[in-house]
Amino acid sequence: MILEGQVAVVTGASRGIGRATALQLARAGARVVVNYARQAAAAAEVVAAIEASGGQAVAVAADVGDQGAARDLIQAAQDHFGRVDILVNNAGIARDNLAARLKPEDWAAVLNTNLTGVFNCCQAVLKPMLRQRQGRIINLTSVVGLRGNVGQVNYAAAKAGVIGLTRSLAKEVASRGILVNAVAPGFIATEMTAALKGEAREEFYHHIPLGRPGEPEEVAEVILFLASPAARYITGQVITVDGGLTLTL
Ligand code: NAP
């Protein structure tokens, strides 16, 4: 129980990587705020799974792209559990298209959720973490933020932005005991990647040296490590979890 007594907020924890992260952190002893945008039933199921194994969790709806809602989310964590030690900025969306055809609203939506949402939650959590002189912030970026991808200028720009935000914030708050890192998954089997079918999917697998997509749990385990005492001398880093994909891109 390496996170015994700690409180974690995981954004976008109703499904996929966020869900797996909420379960892992709870298994390690953390009390978890399960944030979601729309899928209340899925978030309630995550809370029920945590409680069934003896943990504590609460589901809180909030659109992280809305500054006020992000503040309310962090406040809800404090009201419910008394503190916040770990923030995992996982909530994310994709609205893919070639740059020439990308609608302004799809550019804005992805930047707002995937980059501004990360900033909003970081800013909201800084006050309690600075007061505690302790905290861990883990941001989800992507190999697409490192290497770019056809049809994903909006997603790549947001995820590259998350890396710049992570490194800058890590420098700002290191002296106050707050560590800020990013995790860059490759191709992970979730609803976000389920849209890719047939040949396109096969082609992707062909480029992953480990020969298969990753599981959400395999990303969650790295997030748990970054939240744990074992990672106490790591800040401002981007850890890639991609089965070797970036070796071949
Ligand atoms: P997913 O299965 O599509 O789940 C997305 C989660 O984000 C859901 O819980 C969703 O809530 C929540 N969400 C969406 N918009 C939100 C908002 N405005 N405010 C709060 N929550 C919001 O996604 P995933 O594949 O697990 O991806 C998780 C993160 O990893 C994302 O940041 C993604 O960009 C990143 N990533 C994923 C992959 C991959 O291969 N899957 C690769 C690299 C990086 P609702 O259920 O309520 O809609």
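Read on for an overview of the structure. For clarity, every value in this text was computed on a predicted model and none was experimentally measured.

**Digging into the site of the ligand**
Surrounding the ligand, one finds 32 residues, the nearest of these being Ser 14, Arg 38, Gln 39, Tyr 155 and Thr 190. At 2.6 Å, a side-chain N or O of Ser 14 approaches an oxygen atom of the ligand. A distance of 2.9 Å separates a nitrogen atom of the ligand from a polar atom in the side chain of Asp 63. When residues of the shell around the ligand are traced back to their parent elements, those giving at least two are α1 (16–27), β2 (31–36), α6 (153–173) and α7 (191–194). Sorting elements by how many residues they give to the shell around the ligand places α7 first, with three residues.

**Quick word on the side chain of Asn 181**
Secondary-structure assignment places Asn 181 in strand β6 (residues 178–185). For Asn 181, a relative accessible area of 2% gives the class buried. Of note is the side chain of Asn 181, whose polar atom sits 3.0 Å from the backbone oxygen of Ile 234. Here Gly 236 takes part through its backbone nitrogen, which lies 3.1 Å from a polar atom of the side chain of Asn 181.

**Quick look at the packing of aromatic side chains**
Per the counting criterion, the structure on display carries one aromatic pair. Between Phe 187 and Tyr 205, the ring centres sit 6.0 Å apart and the planes meet at 75°, which makes this aromatic pair edge-to-face. Linking Phe 187 in the loop between β6 and α7 with Tyr 205 in helix α8 (residues 198–206), this pair joins segments that are 18 residues apart in sequence. Neither Phe 187 nor Tyr 205 differs from the other in exposure class; each is buried.

Conventions adopted
- Residues numbered from 1 in each chain as written.
- Predicted model: local features only at pLDDT ≥ 70, side-chain atom pairs only at ≥ 80, totals over all residues.
- Heavy atoms only, no water.
- Near = heavy atom within 4 Å.
- Polar contact = N/O pair within 3.5 Å; in protein donor to acceptor, adjacent residues only side chain to side chain.
- Helix = DSSP H or I, 4+ residues; strand = E, 2+ residues; numbered from the N terminus.
- Buried < 20%, exposed > 50% of the residue type's maximum accessible area, 1.4 Å probe, protein only.
- Phe/Tyr/Trp six-rings, centres within 6.5 Å; stacked < 30°, edge-to-face > 60°.

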